[in-house]
Amino acid sequence: MPKAYWIAHVTVTDPEPYKLYAAGATQAFREHGARVLARGGRIEALEGESHPRNVVIEFDTMEAALACYNSDAYQAAKRHREGAGIANIMIIEGAPD
């Protein structure tokens, strides 16, 4: 079964509530066995629109990634992000093994 990747492109506009989001989201990721592959750090935007904060998180399956997103823990954290930034978030299934 292929892995899944949570990909987020974010521009933070209000850092204080975003910190609460980040803490709560990190806990939700832990609870669902996620592995952070990239968070923040240097980027080179080559084409299209970009955001200064980019995150890639690996899950064992698409179902695990969706369960994390839909979990009470993540949804509670997400409330802190709403209005604190612009986010494009997607979950993509990886290539078959």
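A brief report on the enclosed structure follows. The residue numbers shown here count from 1 along each chain, following its written sequence. Where totals are concerned, whole chains, interfaces and linings use all residues; where local detail is concerned, this predicted model gives features only for residues with pLDDT of at least 70, and gives and counts side-chain atom pairs only at 80 or more. Remark: hydrogens and water are excluded; side-chain values derive from all non-hydrogen atoms of the structure.

### A short note on the layout of surface pockets
Here a cavity means grid points, on a 1 Å grid over the protein atoms only, where a 1.4 Å probe fits yet cannot get out; a pocket means an open set of points with protein on both sides within 12 Å along at least five of seven lines; lining residues are those with an atom within 4 Å of a point. Grid points are joined across faces, edges and corners, and a volume is the space filled by probe spheres set on the points. Roughly 160 Å³ of internal volume is contained in the largest pocket. What lines the largest pocket is a set of 15 residues, and nearest its centre among them are Tyr18, Tyr21, Phe29, Arg39 and Val55. Only runs of H or I of at least four residues qualify as helices and only runs of E of at least two qualify as strands under DSSP, and these elements are numbered from the N terminus. Residue assignment for the lining of the largest pocket shows that the elements contributing at least two residues are β1 (4-12), α1 (15-31) and β3 (53-59). Just so you know the grouping, Ala, Val, Leu, Ile, Met, Phe, Trp, Tyr, Cys and Pro go in nonpolar, Asp, Glu, Lys and Arg go in charged, and all remaining residues, Gly too, go in polar. For the lining of the largest pocket, a count of residues per class yields 11 nonpolar, one polar and three charged.

### What about the packing of aromatic side chains?
Here a Phe, Tyr or Trp ring, Trp counted by its six-membered ring, pairs with any other such ring whose centre lies within 6.5 Å, and the pair is stacked when the planes are under 30 degrees apart, edge-to-face when over 60, and tilted otherwise. For the structure shown, the criterion picks out nine aromatic pairs. Aromatic pair tryptophan 6 and phenylalanine 59: ring centres 6.0 Å apart, planes at 25°, arrangement stacked. You can see tryptophan 6 sitting in strand β1 and its partner phenylalanine 59 sitting in strand β3, a full 53 residues away along the chain. Of the two residues examined, tryptophan 6 and phenylalanine 59, each falls in the buried class. An angle of 75° between the planes, with centres 5.0 Å apart, marks the rings of tryptophan 6 and tyrosine 74 as edge-to-face. Placement of the pair is tryptophan 6 in strand β1 and tyrosine 74 in helix α3 (residues 72-81), with a sequence separation of 68 residues. To sort residues, take the accessible area from a 1.4 Å probe on protein chains only and compare it with the maximum for the residue type: under 20% means buried, over 50% means exposed, and anything in between is partly exposed. Using a relative accessible area of 1% as the deciding quantity, one classes tryptophan 6 as buried. By relative accessible area, which is 0% here, tyrosine 74 ends up buried.

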